[in-house]
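Here are the chains, one letter per residue:
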Amino acid sequence: MASGKHFKYVILGGGVAAGYAAREFAKQGVQPGELAIISKEALGMAPCAEIFVDKVGFTPANCYTSEYQMRCTDVVELVAPYERPALSKGYLFPQRFHVCVGSGGERLLPEWYSEKGIELILSTEIVKADLSTKTLTSAAGANFTYEILLIATGSSVIKLTDFGTQGADSNNILYLREIDDADKLVAAIQAKKGGKAVVVGGGYIGLELSAVLKMNDLDVTMVFPEPWCMPRLFTADIAAFYEAYYTNKGVKILKGTLAVGFDANADGDVTAVKLKDGTVLEADIVVVGVGGRPLTTLFKGQVSEEKGGIKTDSFFETSVPGVYAIGDVATFPLKMYNELRRVEHVDHARKSAEQAVKAIKGKESGESVPEYDYLPYFYSRSFDLSWQFYGDNFGETILFGDSDPASSKPKFGSYWIKDGKVLGAFLEGGSPDENKAIAKVAKTQPLVANIEELKEEGLQFASKI
Ligand code: FDA
Ligand code: NAD
């Protein structure tokens, strides 16, 4: 076997879950040289300006949840694990910034890792994982062995070239997952100032990027196949508010149709998007957000899988002892709903990482760790809007509050009710206390005696729980 490096613990992946796992290892106690993070994200310049309050309304409070709010004033030369959500928000504005992982506490700049004796092995893509010999092999042929492995490889974007869409490999058809992608997007926004942008997809990326492009003064058209945006979570009522709000901001929305091809000029730059319904849209930039795919291929046939992810127990250990899976790749027992789920959101990436490390350290010390008991929590911010959702979106729904898109300060929400209990709660424009109140509703699942009364009470109902 080729020579290589050995570590007691290896985290594969250098994203959100990796950063939070490293932080928890440091908290629980890790000796210098015991822990390494291996990440394919490249060396680069990631400018972290002071979080700014600028004309477009991004303030510290709406760039990050208050729980995880932080500042970062340093220029980071290594792309140490960072808070990925910033890539579709503050990072795309002129005074762009991203923040190193460690929100709400110690900032995990590259120096933090060296001070703790944690090795950051960056620009290193692992192309082979042999769980039987506990060996990872990089594209350059380096081997890394471990005693405990944490798989934190996250997701990759689904590309239109995957479906063979005609012309989908033209220049300026862009995706967003990593810092490299965000840098390309920033360069395209600057190069095509005042130009036309088409956003393909009506999910998280579609909504967040349409707003960012519009705020960067591009002429934006959003295209998606479903009858309303964000159908994975939004009800038709919720979506109607966001669609009208976006329309008022000047974003054009085309629903129920697909991008089936692209035209390009002699340089290979995209010039138009052809839709299934025959419409042709001029385009200088196309941003595609048609979903993600968990990066599990390295482990195919070596670990149990479920629901597209790597199956774990409540401590994020996989079917292979000593191998853990955290963040987007894990399909874990969601205790409160008594079912296995995979969650592609940052709150779970952070919390699953902390849980896995606590469990690893607990096994070593003989201390027991409670089972993971996760309350699903998703959020998004765009323009000057900000919503949070907690729980599950099943059952009958009611809408409450002021959902008039023309209101100066719209504040509205929804409850999902199943078997007489509130299972999920959504709130646009809530204060930190109000968001806490809806989280409590989703966690405690109170009984609803009368749906009409619940509708009348709206947010009051949550405040009383
Ligand atoms: P993550 O993707 O963060 O990290 C995976 C890491 O593994 C990457 O560094 C990757 O390069 C590396 N890697 C993969 N394969 C490798 C290999 N073979 N060798 C070496 N390294 C490898 N969620 C939310 O709740 N609110 C939000 O506002 C947002 N916003 C948002 C914006 C954008 C642009 C994206 C792409 C995603 C979000 N999300 C989000 C989702 C959230 O960021 C996501 O769920 C977490 O980043 C998942 O954390 P992980 O650590 O699992 O993967
Ligand atoms: P998504 O699943 O949220 O949305 C995908 C959307 O793509 C669908 O709603 C649909 O409108 C559209 N679509 C699907 N197939 C299509 C096709 N062939 N042509 C045109 N449109 C098509 O995925 P996303 O928005 O790409 O986000 C990717 C990942 O990033 C997800 O894991 C998401 O959770 C994460 N993310 C999360 C946030 C957040 O939580 N605020 C923000 C950005 C990204």
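What counts, and where the lines are drawn
- What you see as residue numbers is a count from 1 along each chain, following the sequence as written.
- Lettering of chains starts at A and numbering of ligands starts at 1, both following the order in which they are written.
- In keeping with the model being predicted, local features are shown solely for residues with a pLDDT of at least 70 and side-chain atom pairs are shown and tallied solely at 80 or more, while totals for entire chains, interfaces and linings include all residues.
- In computing side-chain values, all of the structure's heavy atoms are included and hydrogens and water are not.
- Centres within 6.5 Å make a pair out of two Phe, Tyr or Trp rings, where for Trp the six-membered ring is used; the pair is then stacked when the planes are under 30 degrees apart, edge-to-face when over 60, and tilted otherwise.
- For a lysine, the NZ atom is tested; for an arginine, the CZ atom; a charge sits over a ring if that atom is within 6 Å of the ring centre and within 35 degrees of the ring normal.
- Strands were regarded as paired on the criterion that DSSP finds at least two bridges between them.
- The numbering of helices and of strands both runs from the N terminus, where a helix is a DSSP run of H or I of at least 4 residues and a strand a run of E of at least 2.
- Axis definition: a line fitted to C-alpha atoms, over the contacting stretch in the case of helices. Angles run 0 to 180 degrees between N-to-C directions.
- For this purpose, a residue is taken to be near a molecule or strand whenever a single non-hydrogen atom of the residue falls within 4 Å of it.
- Pairing of N or O atoms within 3.5 Å defines a polar contact, subject to two protein rules: one partner must be a possible hydrogen donor and the other a possible acceptor, and residues neighboring in sequence count only if both atoms are side-chain atoms.
- Note on areas: these come from Shrake-Rupley sampling with a 1.4 Å probe, and a residue is covered only by the protein chains present in the view.
- When residue character is reported, Ala, Val, Leu, Ile, Met, Phe, Trp, Tyr, Cys and Pro are called nonpolar, Asp, Glu, Lys and Arg charged, and the others, Gly included, polar.
- Just so you know, the domain bounds were taken from an automatic or database domain assignment.
- If you view the pair so one helix is near and one far, a crossing is left-handed when the near helix is turned anticlockwise from the far one by less than a right angle, and right-handed when it is turned clockwise.
- The contact rule is simple, with two residues in contact once any of their heavy atoms fall within 4.5 Å.

(A) Region of the structure containing the packing of aromatic side chains. On inspection of all chains with the given rule, the structure shows 26 aromatic pairs. Cluster of aromatic residues (ring-pair linked, three or more members): Tyr204, Phe234, Phe241, Tyr242, Tyr245, Tyr246, Phe383, Trp387, Phe412 and Phe426. Against the face of Tyr175 rests Lys159, its NZ or CZ located 5.2 Å from the ring centre.

(B) Highlighting the sheet that holds strand S20 (residues 309-311). Read from one edge to the other, the open sheet built from 4 strands follows the order S19-S20-S22-S23, with strand pairing classed as mixed. Sheet topology places strand S19 (305-306) and strand S23 (339-342) at the edges, where each strand pairs with a single neighbour.

(C) Geometry of the sheet that holds strand S24 (residues 377-382). Ordered by their spatial adjacency, 5 strands build an open sheet running S24-S25-S28-S27-S26, and the pairing between neighbours is antiparallel. Every other strand in the sheet has two partners, leaving S24 and strand S26 (396-402) as the edge strands with one partner each. Going from strand to strand, the sheet's axes swing by 15° on average, the running direction of each strand aside. Pairing analysis gives 5 bridges linking strand S25 (residues 385-391) to strand S28 (residues 421-428), with the strands arranged antiparallel. Directly across from Gly391, in S28, lies its bridge partner Gly424.

(D) The arrangement of the site of ligand 1 in detail. The full set close to ligand 1 counts 33 residues, and Glu41, Arg84, Lys89, Glu178 and Asp328 are the nearest of them. Separating an oxygen atom of ligand 1 from a side-chain N or O atom of Lys89 is a distance of 2.6 Å. Burial of ligand 1 by the surrounding chains reaches 96%, relative to a free accessible area of 1,000 Å². Elements with a minimum of two residues in the shell around ligand 1: helix H1 (16-28) and helix H7 (346-365). Considering only residue class, the shell around ligand 1 consists of 14 nonpolar, 10 polar and 9 charged. A domain split of the shell around ligand 1 shows at least three residues from each of domain 1 (5-156 + 294-365) and domain 2 (160-290).

(E) Structural view of the site of ligand 2. Near ligand 2 you find 21 residues, and of these Ile205, Glu226, Gly291, Glu344 and Tyr379 are the closest. Measuring from a nitrogen atom of ligand 2, one finds a side-chain N or O atom of Glu208 at 2.8 Å. In this structure, Gly289 approaches ligand 2 through a main-chain N or O atom, which is 3.2 Å from an oxygen atom. Protein contacts shield 83% of the accessible area of ligand 2, which totals 850 Å² for the unbound molecule. Elements supplying a minimum of two residues to the shell around ligand 2: helix H5 (204-215) and S24. Looking at the shell around ligand 2 residue by residue, the classes come out as 9 nonpolar, 7 polar and 5 charged.

(F) Spotlight on the packing of H1 against H7. It is the contact of H1 with H7, at a shortest axis distance of 8 Å, that shows an interaxial angle of 35°. In the packing of H1 onto H7, the handedness of the crossing is right-handed. Seen from H1, the contacting residues are Val16, Ala17, Tyr20, Ala21, Arg23, Glu24, Phe25 and Gln28; seen from H7, they are Val346, Ala349, Arg350, Ala353, Glu354, Val357, Lys358, Ile360 and Lys361. Taken together, the residues of the contact of H1 with H7 sort by class into 10 nonpolar, 1 polar and 6 charged.

(G) Representation of the pairing of strand S15 (residues 270-275) within the structure. Two strands pair when backbone bridges link them, and strand S14 (residues 259-264) and S15 are joined in this way by 5 bridges, in the antiparallel orientation. Considered in S15, the bridge of Gly261 is made with Lys274. Connecting S14 to the next strand, S15, in antiparallel fashion are 5 residues, including Gly268 with a positive phi near 85°. Examined bridge by bridge, S15 and strand S16 (residues 280-282) share 3 bridges and lie antiparallel to one another. Directly across from Val273, in S16, lies its bridge partner Leu281. Counting the residues between successive antiparallel strands, the hairpin from S15 to S16 contains 4 residues, one of them, Gly278, with a positive phi of roughly 95°.

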